[in-house]
Amino acid sequence: MYVFSSCQQVVISWAVGGQDIWMPPNAGISIGTSDDPVFYRLEMHYSNSKLSKGRVDSSGLVFHYTSELRANDVGILEVGLIVDTSYVIPPNAKDFKAYGLCNTSTFSQVLSGEPPVLNVFASLLHTHLAGRGVRVGHYRNGEQIGFLGKNEHYDFNLQETMFLGSLVQVKAGDEILVECTYNTESRKTATQGGLGTTNEMCLAFLLYYPRTKLASCWSLPEPTAMSAALGVKGTSELVALMNSSVWNDTAVGRFERTVRDLPQLMAVSVSNGTRTVDLGFIREFKSSPATACTTLPLSGGGESCAPVTAGLGLCIALLTSLISLTGAL
């Protein structure tokens, strides 16, 4: 019997505000070959905090395919902050930043052959309700060389996969850093990482080719170092400390710097569930460039006025994972 819990690799995703997603003319999602999985897993995320009865959902996906083989198979790499309740955001924060790190030098530990070059052409960025901005930095030889996605006016209800405007090559040894900005001024208690809408995430889904077996590359502050730095043992003590503390701008800034400066535990996984872990540190982010507003194509048709460097990928709130199958779409 096929074990659906072993599904690791996102194939495509959509959420509120998203339009149709079209692949570039030279690339598609491969299906039906010996290199492709046999099953799809459709994963839907619902938010029904009032436990209302009788709610019916008619959501679904329509896939369009072509029999004409395209030159490149598309893959999606999930990067950012590991979704875990141990990551906690303080309440009453006007501007709190969280980070998730991916060092591509770890790919050789889970992939055979030459380290891949990822040709990234689009991104989809994701936080929940407290999110106000997401940036994805691209680093080479310790220096930031650009962005793989940027939306500094993030809206949970306007979620769209956006093309970067030009192809960006992520080479072996490069680092990818996801930065998420949150506002929790309306909250009286700490916000934990998690799947719920009132929990938080900090993720980016990078669309690229040629496809590899990579599924995710993300991080979390190293637990032992975190406990030592904050003087707590475990998540329950951390949440209790956060909820009993007074949070002003100074306290929020101090906590943000403490968490940011800790060693980051990185985890890289591939489609069959194999994974490896390593340690890394958060690098400095460049200021976002001020660029002229350029008309970009939306993935579902039409146009959007946005900086070319922005690569506005937005969210996946309702549908986070269509995992384990790749197809020629």
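Heads up: the structure comes first, above all this text.
About the cut-offs
Sequence order as written defines the numbering, with residues in each chain counted from 1. For a predicted model such as this one, the threshold for reporting local features is a pLDDT of at least 70, and the threshold for listing and counting side-chain atom pairs is 80 or more; totals across whole chains, interfaces and linings nevertheless cover every residue. Neither water nor hydrogens contribute to the side-chain values; these are computed over all heavy atoms in the structure. A pair of Phe, Tyr and Trp rings is counted when the ring centres sit within 6.5 Å of each other, with Trp represented by its six-membered ring. The angle between the planes then sorts it: under 30 degrees is stacked, over 60 is edge-to-face, the rest tilted. Each helix is a run of DSSP H or I of at least 4 residues and each strand a run of E of at least 2, with the numbering of both proceeding from the N terminus. With a 1.4 Å probe rolled over the protein chains alone, any residue whose accessible area is under 20% of its type maximum counts as buried; one over 50% counts as exposed, and the rest are partly exposed. Counted as salt bridges are all cases of a side-chain nitrogen of Lys or Arg within 4 Å of a carboxyl oxygen of Asp or Glu. A pair of strands is considered paired only if DSSP assigns at least 2 bridges between the two.

Trainee: Talk me through the packing of aromatic side chains; I want residue IDs and the actual numbers.
Mentor: Taken as a whole and judged by the stated rule, the model has 8 aromatic pairs. For the pair Phe-121 and Tyr-209, a centre-to-centre distance of 6.0 Å together with 35° between the ring planes defines the contact as tilted. Of the two residues, Phe-121 sits in strand S7 (residues 118-126) while Tyr-209 sits in strand S13 (residues 203-209), which places them 88 residues apart along the sequence. Each member of the pair Phe-121 and Tyr-209 is classed as buried. Each ring, one from Tyr-139 and one from Phe-285, has its centre 6.3 Å from the other, and the planes form 75°; the classification is edge-to-face. Of this pair, Tyr-139 sits in strand S8 (residues 131-140) while Phe-285 sits in the loop between strand S16 (275-280) and strand S17 (294-297); the two residues are 146 residues apart in sequence, bridging distant segments of the chain. Among the aromatic side chains, those forming a connected cluster through ring pairs are Tyr-99, Tyr-139, Phe-147 and Phe-285.

Trainee: Run through the pattern of salt bridges, naming residues and quoting values.
Mentor: All chains considered together, the criterion is met by 9 salt bridges. The salt bridge partner of Asp-95 is Lys-97, with a shortest N-O separation of 2.9 Å. Assessed through its relative accessible area of 40%, Asp-95 is described here as partly exposed.

Trainee: Describe the pairing of strand S9 (residues 143-151), listing the residues and the values that go with them.
Mentor: The pairing of S8 with S9 spans 7 bridges and is antiparallel. The partner of Arg-135 across the bridge, within S9, is Lys-150. Joining the antiparallel neighbours S8 and S9 is a turn of 2 residues, in which Asn-141 adopts a positive phi near 55°.

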